[in-house]
Amino acid sequence: MKRERQKKKTRILLQQAALRLFQKQGYEQTTVLQITNEAGVARGLIPSVQWQRK
């Protein structure tokens, strides 16, 4: 149960960070590394298959 809560919290942090960066600098200019840094999470938490374009 604790693991599921942490996953949900991390997902929300990533979504919020991505939206902030998209608004600030645009989608095309935003990288996964910037999003993970902004959210304060490790890059390894993001499956690379979702971000092939980035």
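A quick note: this is a predicted structure, and the numbers were derived from the prediction, not measured. Numbers given for residues are sequential positions, taken from 1 along each chain in its written order. Predicted model: local features are reported for residues with pLDDT of at least 70 only, side-chain atom pairs are reported and counted for 80 or more only, and whole-chain, interface and lining totals are derived from all residues. Based on all heavy atoms of the structure, the side-chain values leave hydrogens and waters out of the count.

1. Examining the pattern of salt bridges
And then number 1: The term salt bridge refers to a side-chain nitrogen of Lys or Arg lying within 4 Å of a carboxyl oxygen of Asp or Glu. Counted under the stated rule, the structure contains 2 salt bridges.
And then number 2: A salt bridge links Lys-7 to Glu-4; the shortest N-O distance between them is 3.7 Å. Placement of both Lys-7 and Glu-4 in helix H1 (residues 2-25) is noted, with a separation of 3 residues, approximately one turn of the helix.
And then number 3: When accessible area is computed with a 1.4 Å probe and restricted to protein chains, residues below 20% of their type maximum are described as buried, those above 50% as exposed, and intermediate ones as partly exposed. On the basis of relative accessibility, which here comes to 41%, the residue Lys-7 falls in the partly exposed class. Strands are runs of DSSP state E lasting at least 2 residues, helices are runs of H or I lasting at least 4, and numbering of each runs from the N terminus.

2. Here we look at the nonpolar core
And then number 1: Membership of the largest hydrophobic core is limited to 9 residues, which are Leu-14, Ala-17, Ala-18, Leu-21, Val-32, Ile-35, Ala-39, Val-41 and Ile-46.
And then number 2: Counting residues per element, the ones that place at least two in this core are H1 and helix H2 (32-39).
And then number 3: Residue contributions to this core peak at 4 residues, all from H1. Nonpolar core, defined: a set of buried Ala, Val, Leu, Ile, Met, Phe, Trp, Tyr and Cys residues in which side-chain atoms within 4.5 Å join the residues together.

3. Regarding the environment of Arg-20
And then number 1: Of note, Arg-20 is situated in helix H1.
And then number 2: Residue class for Arg-20 comes out partly exposed when judged on its relative accessible area of 39%.
And then number 3: Taking the C-alpha atoms as reference points, Arg-20 and Glu-38, separated by 18 residues in sequence, lie 9.0 Å from one another.

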